[in-house]
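# What the coordinates show
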Amino acid sequence: MQYPEWIWQNGAIKRWAEATTHVMAHVVHYGSSVFEGIRCYQTPSGPVIFRLTDHNTRLFASAKIYDMAMPYSLEQINAACRDVLKANDNTTDYLRPVAYRGLGGFGLSADTPTDVAVATWKMGQYLGASVVDQGIDACVSSWQRFAPNTLPAGAKAGGNYLSGQLVAREARRLGFGEGIALASTGLLSEGAGENLFLVFDGALHTTPISAALLNGITRNTIITLARDNGIEVIERDLPREYLYLCDELFMCGTAAEITPIRPVDGRQVGSGKPGAVTRRIQELFFGLFDGKTPDKYGWLEPV
């Protein structure tokens, strides 16, 4: 991978190789970080950051859940995101603000400073070239999501993604594009790092936030766009077998954007191709960036 030249860390733009953390920092041993993934898109009016403030508001919410003091304000983190994009000449399309417990005392409850960085790089299509158009093959993982009273799924915390790593790596090992996890209830939860939408009779069905999933900002975007354009959205518990019975199926997330799923566990979904509702949702979503979908929501924040 070719890394960009500049990164923001603890209040300053610096060269990528200079943004270091001590090996005895709390985060290295205990996974004590919170982070965001944010896309930057080129539009006819210039580069924009998609829902920057919403993403970084969630960053602060995740830090609050884990009792992590933030040394910068929301406005300062937003400015850091813009600054690091500009430092790299707006040649990147993905932002990663991250806050983590740094070097200080030792032990789980140790007092440490909170370090903050904002990195940016060229993401492209996260799950592979052409998958947004053609779709992927997925499988249900043997790994389940954590129970709701064990880890807070509503926080976008680094430690939570150990679960996602198990799901994703198992799927790749078995030859699938991505994995799908069940909740501790045995009902559907989400993908390794993406939310799920199933289509039945023209309506979108998605699992509720109580199903051990992150309430994704792309998920919220899709629900909003769908309802505003006459597509019914139903949030409800869903059993595993509905993955095989739905008319259409797709994953969504900042990195994955809107990725159709063709078969699950080798069972064809619908026609085996991205369906009409999935295509309509893609049109509405990507239309935000080419001007075809009016941004009446204030989601496009200029760099």
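Scroll up to find the structure.
The structure displayed is predicted, hence computed values, not measured ones. (Residues numbered from 1 in each chain as written. Predicted model: local features only at pLDDT ≥ 70, side-chain atom pairs only at ≥ 80, totals over all residues. Heavy atoms only, no water.)

### Quick word on the nonpolar core
Counting 22 residues, the largest nonpolar core has Phe 50, Phe 197, Leu 204, Ile 222, Phe 250, Ile 281 and Phe 285 as the members making the most contacts within it. Within the residue set of this core, elements represented by two or more residues are β5 (46-50), β11 (195-200), α6 (217-228), β14 (248-253) and α8 (276-290). In terms of residues, this core owes the most to one element, α8, which gives six residues. When neighbours within four sequence positions are excluded, Phe 250 is seen to be in contact with Asn 195, Leu 196, Phe 197, Leu 204, Ile 222, Ile 258, Thr 259, Pro 260, Ile 261, Thr 278 and Ile 281. (Core = buried A, V, L, I, M, F, W, Y, C linked by side-chain atoms within 4.5 Å. Buried < 20%, exposed > 50% of the residue type's maximum accessible area, 1.4 Å probe, protein only. Helix = DSSP H or I, 4+ residues; strand = E, 2+ residues; numbered from the N terminus. Contact = heavy atoms within 4.5 Å.)

### Regarding helix α2 (residues 52-65)
Every α-helix carries 3.6 residues per turn, so stepping three or four residues along brings you back to the same face. The end-to-end C-alpha separation of α2 is 20 Å, in line with the 20 Å expected for 14 residues at 1.5 Å each. For α2, every residue scored as buried is listed here: Leu 52, His 55, Asn 56, Arg 58, Leu 59, Ser 62 and Ala 63. Burial along α2 is one-sided: seen end-on, the buried residues are contained in an arc of 150°. With its phi angle positive at about 55°, Asp 67 sits one or two positions after the end of α2. (Expected span 1.5 Å × (residues − 1). Arc of directions from axis to C-beta.)

### Notes on the layout of surface pockets
As a volume, the largest pocket reaches approximately 710 Å³. Taken together, 38 residues make up the lining of the largest pocket; nearest its centre are Phe 35, Lys 156, Tyr 161, Ala 192 and Gly 193. Of all the secondary-structure elements, those providing two or more residues to the lining of the largest pocket are α2, β6 (94-101), α5 (161-173), β10 (188-191), α6 and β14. Looking at which element gives the most residues to the lining of the largest pocket, the answer is α5, with four residues. When grouped by side-chain class, the residues that make up the lining of the largest pocket number 18 nonpolar, 12 polar and eight charged. The space that makes up the second largest pocket amounts to roughly 290 Å³. Around the second largest pocket, the lining is made up of 16 residues, and of these Arg 96, Val 98, Tyr 100, Ala 117 and Ala 119 lie nearest the centre. Of all elements in the fold, only β1 (6-9), β3 (33-35), β6 and β7 (114-121) reach the threshold of two or more residues within the lining of the second largest pocket. (1 Å grid on protein atoms, 1.4 Å probe; cavity = no way out; pocket = protein on both sides within 12 Å on 5 of 7 lines; lining within 4 Å. Points joined across faces, edges and corners; volume = space filled by probe spheres on them. Nonpolar A, V, L, I, M, F, W, Y, C, P; charged D, E, K, R; others polar.)

Purely geometric numbers; function is a separate question.
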